[in-house]
Amino acid sequence: MADSSRTPLLATVPMLRILVPMVCGIVAFEHCGSPVAPIAAAVVAAAVFVALKVAARRSLERRQALRPLHTVPIALAAMSIGWCAALVQQPATLDTGRINGTVAVGRIDMISFRDFSAVANVTLLQRGNGAPLPHSIIRLSTSGCDYSLRQGQLVAFKADLQPVRNMGNPDETDFAALLRQQGIIYAQHIGPGQRLIKVGCAPTLLNKLGNARTTMMRRIASGHTQQGTQDFVAALLLGDDSLIDSDTRRDFANAGIAHVLALSGLHVGLIGLVVWWLLMPLDYVRLKRLRLALTLVALAAFDMFTGLQPSVVRATVMTAFVTVAVMMGRKASPLNSLAAAATLTLLFSPSALHNAGFQLSYTTVAALLVFGRRTANAATRSTLAYRIGTLAATSAIASLSTMMLTAHYFHSIPLLAVPVNMLILPTIPAFMVGGIAYVTLCATGLDFAWLSKALDAYCQAMRWLVDGLCAMPGSHAEGLWVTSAEVAIYFGIMCCMALWLKRRNRTPLLCAAALLAAGVAHAAVEAWRTPQSGLVVFNSFDSTPIMAFSHGNAVVWVPDNDTFDMQRFTDANSGFMAHHGIRQLRLVGELHNPEALIKPPYAHLGGKRLVAIGHGRWKHAQRVRTRLQIDMAVVTRQFHSDIGIVDSLYAGGIGTYVISGAAYASERKVLMERCSKLGLRTHDIATQGAVEVYGR
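Caption draft 1: Region of interest: the overall build of the protein chain. Regarding its fold elements, the protein chain presents 28 helices and 21 strands. With the C-alpha coordinates of the protein chain rotated into their principal frame, the extents come out at 95 × 65 × 60 Å. Taken across its 696 residues, the protein chain has 43% of its residues classed as buried. Long-range contacts, defined as pairs at least 24 residues apart, comprise 67% of the intrachain contacts of the protein chain with a sequence gap of at least 6. Taken as a whole, the protein chain presents about 36,000 Å² of accessible surface, with 63% of it coming from carbon and sulfur.

Written as structure tokens, this is what we have:
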């Protein structure tokens, strides 16, 4: 019998021959978008393939010797396919100069309502006069909510498309890249004086399913369960987690069970088991293959109904490969099925490669398949101790495999993820079954009080458990800054450990030790290069936050918003605070200490003298006989006067005029033109990003 530990990896997982070069092609496209390179790679692949075929005709021994080289044309062809897939999926660039100012007509493909506003993805179709427009998805936001708008409706609006830009704050999430992954590179805000006009309806299949999902959510909302229970049911069964508040998301992430709130392979597997159980009578008439096929069809329908989310598609494609292998009487390889699922996902959506959900989902499953094999034998035993140990090992593998990715994207690590998952995961199937029954009853207009109370009790118990764990000291580590290079090093170490488990020699261990040393050195260099003090004037839509920090402590001064949401600001800038090691952050109106001084409208922060130009208190300068030297004058959204008056009162003693990002666009334009005419030095936060002044 052949030793499985000596079997080549490509023989065990042949789909890696296609997946790895396809990923390389997608990454290469980001650095070189020319279509010449993939064509050249395809031509070279064809030439190498023909040359190998010609050389293999000489003899059988020659054919056997050249067989490993067939991986080369396969890799080149896969790289070309990945490159072309990314090229085809690239959003089209629009001539906004010709479109803006005209009436555009588009189809609503997604719409959500939040706090007296709405956000919609709209596919452009034509102008108001019937002239066609390049099909491109744009992001529309509105100041009000028109709840009659549905997916598939055609709407007309006066176009004022703008390229999607990031806020320009330090260490912020690349929002523009996230939208670009969805094929969106333009956005427009529909102000109070404008509106979307419904001009028809042309829904696609996904639009109809989306409307059905919205109708189902409204029926769930009209049930007798509590609001929190309705949100959980909508997230777990309908794939819509938009109603779950930020506090709940943060607490579940800190407890290590954030995956419960989003559809994943766990939920797909449970739904597949329910369908499989309902189709059990087919086995008695010897129609097991039909049972498998119908289960797969049900999962595909569930995928489409929930919006084709990457984690759901991954689980369904894996199930499809295993199901087809069983129907054909062949042995299925879970790792090969996973690689095939990733290949198909990236073929139709190359941008998913950079999606956090895609990375977390595939990393978790791959780690469970590689490192969880040693727990498989224990799972077949009937003793309770072995089953508990298997559950603990599975939870530990899943947590360790995604630990660095979680720290990289969310700047925190749950430390109690293993025991929490051991308590929560065994109860999820019962909740899913109850949720399916509840959704079915809501769809038929029925409602059982005992089922609603049971679901409410479960959600309350889960929330109580999560709140209690998050309140415990040491339940999670926050404020972590992990770079992409450190994530790559961590996964390199995991690969080395996987090879060591298979080969049992010292080479993988030595490579893991070298990678660990490189990771420690990189972290030390990154910490040495990071400034420990400074001043930042952030970009924001509704205020002008000014932060001064020094060696882990920071104060925030907001001179133009008395209802400033500190928690929202903290969540939005968690990356900046983690990068600079800020542990204490407080909001102040006045402050007097050796390092910082705030006496509105003046402040001395980060070694700079500031004045907030908004309310009339800045006119106090006219009573001062000596010339005031001000480094920055922060012009807030409350300023509605002539900037020339400000400059005359301070006798030209202001170094830079910083225009707040919260200032209205029309007033900002007037301010910039006036400053340019007067020869004043300005910094427009809305277009140039945040003001950053750092020191050691």
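Now that the structure is up, let's keep going.
Caption draft 2: Inspection of the pairing of strand S1 (residues 103–114) at higher detail. Pairing analysis gives five bridges linking S1 to strand S4 (residues 153–158), with the strands arranged antiparallel. In the strand pairing of S4, Val105 is matched with Ala156. Looking at chain direction, S1 and strand S2 (residues 117–127) are connected through 10 bridges and run antiparallel. If you follow Gly106 over to S2, its bridge partner there is Leu124.

Caption draft 3: Molecular detail of the pattern of salt bridges. Inspection of every chain in the model, using the stated rule, returns nine salt bridges. Close ionic contact of Lys599 with Glu590 constitutes a salt bridge, the shortest N to O distance being 3.7 Å. Of the charged contacts in the structure, one is a salt bridge between Asp684 and Arg668, with a shortest N-O distance of 3.4 Å. With Asp684 in strand S20 (residues 682–684) and Arg668 in helix H27 (residues 665–678), this residue pair connects regions lying 16 residues apart in the sequence. Each member of the pair, Asp684 together with Arg668, is buried.

Caption draft 4: Structural detail: the environment of Ser641. Position of Ser641 relative to the elements: it lies in the loop between strand S18 (630–635) and helix H26 (643–649). Note on Ser641: relative accessible area 38%, which makes it partly exposed. The spacing of Ser641 and Pro38 is 603 residues in sequence and 57 Å in space, taken between C-alpha atoms.

Caption draft 5: Spotlight on unusual backbone geometry. Put simply, Pro600 and Pro601 share a cis peptide bond, and its omega is 5°. Within the secondary structure, Pro601 sits in the loop between strand S15 (597–599) and strand S16 (602–605). Unlike most non-glycine residues, Asp171 shows phi in positive territory, near 60°. Structurally, the position occupied by Asp171 is in the loop between strand S5 (162–163) and helix H7 (175–181).

Caption draft 6: Structural view of the nonpolar core. Formed by 46 residues in total, the largest nonpolar core has its most connected members in Ile220, Ile257, Ile424, Ile428, Phe431 and Met462. Looking at this core, the element that brings in the most residues is helix H21 (residues 449–471), giving nine residues. Listed in part, the 20 residues of the second largest apolar core include Leu94, Ala120, Leu161 and Tyr186.

Caption draft 7: Seen up close, the side chain of Ser361. Checked against the element boundaries, Ser361 lands in helix H16 (residues 356–371). Classification of Ser361 as buried rests on a relative accessible area of 9%. Every residue in contact with Ser361, bar those within four places of it in the chain, is listed here: Ser311 and Arg314.

Caption draft 8: Geometry of the environment of Gly128. Secondary-structure assignment places Gly128 in the loop between S2 and strand S3 (137–142). Given the relative accessible area of 52%, Gly128 is considered exposed. For Gly128 and Cys496, which are 368 residues apart along the polypeptide, the C-alpha to C-alpha distance reads 60 Å.

Caption draft 9: Spatial organisation of the packing of helix H11 (residues 265–278) against helix H13 (residues 288–305). Close contact between H11 and H13 brings their axes to 9 Å; oriented N to C, the two are set at 140°. When the axes of H11 and H13 are compared, the pair comes out oblique. Seen from above, H11 lies across H13 with right-handed handedness. Along its contact with H11, which presents Val268, Ile271, Gly272, Val275, Trp276 and Trp277, the element H13 presents Lys288, Arg291, Leu292, Thr295, Ala298, Leu299 and Phe302. Residue classes in the contact of H11 with H13 are distributed as nine nonpolar, two polar and two charged.

Caption draft 10: Region of interest: the sheet that holds S4. Read across the sheet, seven strands follow the order S5-S6-S3-S2-S1-S4-S7 without closing on themselves; strand pairing throughout is mixed. A strand with exactly one partner marks an edge of an open sheet, and here the two such strands are S5 and strand S7 (197–201). Bridge analysis of S2 against S3 gives six bridges, and the strand direction is antiparallel. Within S3, the residue paired with Thr123 across the bridge is Ile137.

Caption draft 11: The arrangement of the sheet that holds S16 in detail. Taking strand neighbours across the sheet as the criterion, the seven strands line up as S14-S15-S16-S17-S18-S19-S20 in an open arrangement whose pairing is mixed. Two strands close off the open sheet at either side, each with one partner strand: strand S14 (591–592) and S20. Both strand S19 (residues 654–659) and S20 contribute to a ladder of three bridges, which runs parallel. Directly across from Tyr657, in S20, lies its bridge partner Thr682. Packed on one face of the sheet, H27 meets S18, S19 and S20 and runs near 160° to S20.

Caption draft 12: Quick look at the environment of Ala298. Turning to its location among the elements, Ala298 is positioned in helix H13. Residue classification places Ala298 among the partly exposed positions, given a relative accessible area of 27%. Considering only alpha carbons, one finds Ala298 and Pro281, 17 residues apart in sequence, at a separation of 16 Å.

Caption draft 13: Inspection of the side chain of His579 at higher detail. On the secondary structure map, His579 appears in helix H25 (residues 574–579). Of note is the side chain of His579, whose polar atom sits 3.0 Å from the side chain of Asp171. Not counting chain neighbours up to four residues away, the residues in contact with His579 comprise Asp171, Trp481, Glu526 and Thr530.

Analysis parameters
- All chains use their own residue numbering, which begins from 1 and follows the written sequence.
- Whole-chain, interface and lining totals are the exception, using all residues; otherwise, since this is a predicted model, local features are given only for residues with pLDDT of at least 70 and side-chain atom pairs are given and counted only at 80 or more.
- Here the side-chain values reflect all heavy atoms present in the structure, with hydrogen atoms and water set aside.
- In this text, helices come from DSSP runs of H or I with a minimum length of four residues, and strands from runs of E with a minimum of two, each type numbered from the N-terminal end.
- A 1.4 Å probe rolled over the protein chains alone gives each residue an accessible area, and that area as a share of the maximum for its type sets the label: buried under 20%, exposed over 50%, partly exposed in between.
- Any pair of residues with heavy atoms lying within 4.5 Å of one another is described as a contacting pair.
- What sets the accessible areas is the Shrake-Rupley method with a 1.4 Å probe; for residues, cover comes only from the shown protein chains.
- Each pair of strands is called paired provided DSSP finds at least two bridges between the two strands.
- Salt bridges, as used here, are contacts in which a Lys or Arg side-chain nitrogen is within 4 Å of a carboxyl oxygen on Asp or Glu.
- Definition used in this section: a nonpolar core is a set of buried Ala, Val, Leu, Ile, Met, Phe, Trp, Tyr and Cys residues joined via side-chain atoms within 4.5 Å.
- Where helices are involved, their axes are fitted lines through C-alpha atoms of the stretch in contact, as for all axes, and angles between N-to-C directions lie from 0 to 180°.
- The cut-offs work like this: below 35 degrees is roughly parallel, past 145 is roughly antiparallel, 65 to 115 is roughly perpendicular, and the gaps in between are oblique.
- Helix crossings are classified by the rotation of the near helix relative to the far one: an anticlockwise turn of less than a right angle makes the crossing left-handed, while a clockwise turn makes it right-handed.
- Here the term charged refers only to Asp, Glu, Lys and Arg, the term nonpolar to Ala, Val, Leu, Ile, Met, Phe, Trp, Tyr, Cys and Pro, and the term polar to all other amino acids, Gly among them.
- By the criterion applied in these results, polar contacts are pairs of N or O atoms within 3.5 Å in which, for protein atoms, one can donate a hydrogen and the other can accept it, and in which residues neighboring in sequence qualify only through two side-chain atoms.

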